[in-house]
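# Structural overview for review
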Amino acid sequence: VFTLFSIDLCPFCIKAKKASNERNIPFTEINLTAYPSKRVDMLSLSDSLTVPQVFFNERFIVSQGEAMTHSTYLISFTNMIMN
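Quick look at the structure, then. (Residues numbered from 1 in each chain as written. Predicted model: local features only at pLDDT ≥ 70, side-chain atom pairs only at ≥ 80, totals over all residues. Heavy atoms only, no water.)

### Topic: the pattern of salt bridges
Side-chain pairs of opposite charge can arise where the charged atoms are in close proximity. Tallied over the full model, the rule gives 4 salt bridges. A salt bridge links Glu29 to Lys17; its shortest N-O distance comes to 3.0 Å. Within this pair, whereas Glu29 is found in strand E2 (residues 28-31), its partner Lys17 is found in helix H1 (residues 11-22), the two being separated by 12 residues in sequence. Classification of Glu29 as partly exposed rests on a relative accessible area of 33%. Close ionic contact of Arg23 with Glu22 constitutes a salt bridge, the shortest N to O distance being 3.1 Å. Taking relative accessible area as the criterion, Glu22 reaches 44% and is therefore assigned partly exposed. (Salt bridge = Lys/Arg side-chain N within 4 Å of Asp/Glu carboxyl O. Helix = DSSP H or I, 4+ residues; strand = E, 2+ residues; numbered from the N terminus. Buried < 20%, exposed > 50% of the residue type's maximum accessible area, 1.4 Å probe, protein only.)

This is the structure in structure tokens:
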């Protein structure tokens, strides 16, 4: 299960969701604007407050701080799926 932590109007969050949707990669979005109490959960998984943050199960994949682009995001997903 892929989980994406995001906030409203975040350009990197929008790109991450768009890249997933374009390739039919299912994910669960946790919107921290709508559910600010979930930030504690995100912080406990990654020790970082930047968004987006993407996890496979509880394994950290990628965040905005790692120059999230379509290619970075998809390579991370592909590597996770193939391994």
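### Examining the pairing of strand E1 (residues 2-6)
Among the 5 residues that make up E1, 5 are buried, leaving the element largely enclosed by the rest of the structure. Of the two faces of E1, the one holding Phe2, Leu4 and Ser6 and the one holding Thr3 and Phe5 are both buried throughout. Examined bridge by bridge, E1 and strand E3 (residues 53-56) share 4 bridges and lie antiparallel to one another. If you follow Thr3 over to E3, its bridge partner there is Phe55. When E1 meets E2, the two strands line up parallel, connected through 4 bridges. (Pairing = 2+ DSSP bridges.)

### Overview of H1
Relative to the 16 Å expected for 12 residues at 1.5 Å per residue, H1 spans 16 Å between its end C-alpha atoms, a close match to the ideal helical length. Every buried residue of H1 is accounted for by Cys13, Ala16, Lys17, Ala19 and Ser20. Buried residues of H1, viewed axially, fall in a sector of 160°; they line one side. Of the residues flanking the end of H1, it is Asn24, one or two places downstream, whose phi is positive at about 55°. (Expected span 1.5 Å × (residues − 1). Arc of directions from axis to C-beta.)

### A short note on the nonpolar core
Formed by Phe5, Cys10, Cys13, Ile30, Leu32, Met42, Val51 and Phe55, the largest nonpolar core amounts to 8 residues. Apart from the residues lying within four places of it in its own chain, the contact partners of Cys10 are Val51 and Pro52. Ranked by size, the runner-up nonpolar core spans 6 residues in total, among them Phe2, Leu4, Ala16 and Ile25. (Core = buried A, V, L, I, M, F, W, Y, C linked by side-chain atoms within 4.5 Å. Contact = heavy atoms within 4.5 Å.)

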